[in-house]
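Read off the chains here:
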Amino acid sequence: MRESMDRTAPTEHPVLPAIAQRWSPRSYRDEPLEEALLRRVLEAGRWAASAYNEQPWLYLVTRRHVEPQAHAKLLGCLVPFNQGWADKAPVLMLACARMTSAGNGKPNRWAEYDTGQASAAMAIEAAGLGLQLHQMAGFDAAAARAAFAIPEGVEPIAAMTLGRPGPASALNEELAQRETAPRVRKPAAEIFFGGAWGVAL
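These remarks concern the structure in this document. Given the structure is predicted, the values throughout are model-derived calculations rather than measurements.

Turning our eyes to something else, we now look at the environment of L75. Here L75 lies in helix α3 (residues 68-75). Here the alpha-carbon distance between L75 and A86, two residues eleven residues apart in the chain, equals 7.3 Å. Here L75 is in contact with Q83, A86, D87 and L92, once residues within four sequence places are set aside.

With twelve residues, helix α2 (residues 35-46) should cover 16 Å at 1.5 Å per step; its first-to-last C-alpha distance of 16 Å lies within 8% of that length. Buried within α2 are the following residues: L37, L38, V41, A44 and G45. On an axial view of α2, the arc spanned by its buried residues comes to 120°, and they lie on one face. Pointing more than 90 degrees away from the buried face of α2 are the exposed residues A36 and R39.

Every buried residue of α3 is listed here: H71, L74 and L75. Around the axis of α3, the buried residues are gathered within 105° of arc, so they sit on the same side. Elements in contact with the buried residues of α3: β1 (57-63), α4 (80-86), β2 (91-98) and α6 (141-148).

On to the sheet that holds β1, then. Here we have four strands laid out as an open sheet, ordered β1-β2-β4-β3, and antiparallel in their pairing. Only two strands of the sheet have a single neighbouring strand rather than two, namely β1 and β3 (132-136). When the angles between neighbouring strand axes are averaged without regard to direction, this sheet yields 25°. In the sheet, β1 pairs with β2 via seven bridges, with the strands oriented antiparallel. Bridge pairing links L58 to C96 in β2. Each of β1, β2, β3 and β4 (154-163) is contacted by α2, which is oriented at about 165° to β1, the strand it contacts most. In the packing of α3 onto the sheet, contacts are made with β1 and β2, and the angle to β2 comes to roughly 65°.

This part covers the packing of α2 against helix α5 (residues 111-128). Interhelical geometry of α2 versus α5 gives an angle of 145° and a closest axis separation of 7 Å. In the packing of α2 onto α5, the handedness of the crossing is right-handed. Taking contact as the criterion, the partners of R40, V41, L42, A44 and G45 in α2 are, on α5, A118, A121, M122, E125 and A126. Here the contact of α2 with α5 is composed, by residue class, of seven nonpolar, one polar and two charged.

We note that N53 has phi near 55°; this positive angle belongs to a residue other than glycine. Among the secondary structure elements, N53 is positioned in the loop between α2 and β1. Classification of N53 as exposed rests on a relative accessible area of 53%. Even without a glycine there, the phi angle at Q55 is positive, about 45°.

What counts, and at which threshold
Residues numbered from 1 in each chain as written. Predicted model: local features only at pLDDT ≥ 70, side-chain atom pairs only at ≥ 80, totals over all residues. Heavy atoms only, no water. Helix = DSSP H or I, 4+ residues; strand = E, 2+ residues; numbered from the N terminus. Contact = heavy atoms within 4.5 Å. Expected span 1.5 Å × (residues − 1). Buried < 20%, exposed > 50% of the residue type's maximum accessible area, 1.4 Å probe, protein only. Arc of directions from axis to C-beta. Pairing = 2+ DSSP bridges. Axes fitted to C-alpha atoms, helices over the stretch in contact; angles between N-to-C directions. Left-handed = near helix turned anticlockwise from the far one by under 90°. Nonpolar A, V, L, I, M, F, W, Y, C, P; charged D, E, K, R; others polar.

In short, geometric facts, not functional conclusions.
Structure below.
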């Protein structure tokens, strides 16, 4: 029998189920991810909003059961802490941003913001499908650039794992505690201001 956890967020107000169910696991089931589900997650990112419809995001996708060498190579670009758990994820990705406008060649100051929007859309779609996408800052961008010949003008932004969450018991004690810790966020009153800076909405 598979161990399951309810990680639904304790929201202050109702939100779409996929938003409340999205979280960032470190334990993944050791099984391939169906191609149709992967394509659905990627499609959600393709339709994210972007400034001037530039769509500056570019994703390197490695499937452990299809491109094991590429998956291992990208895994090697993660910091050691992340390498310790991300190796079981069936999909490991690298989110990148094209930093200049395709239209005029000028710097696109919203490129990283828009790439984040695409990744967030993918994470929500994944949660709606019973999957989870874990976004990571802990990776070596220079190593990834060298390993995959990422061209100049394209900036590696975040590494991401994707798959079906596994049991916390598959992790070491420290990570298992993180995996099962209560989900918390800052109160809405601290981050949403009404009419004037610092005035709670």
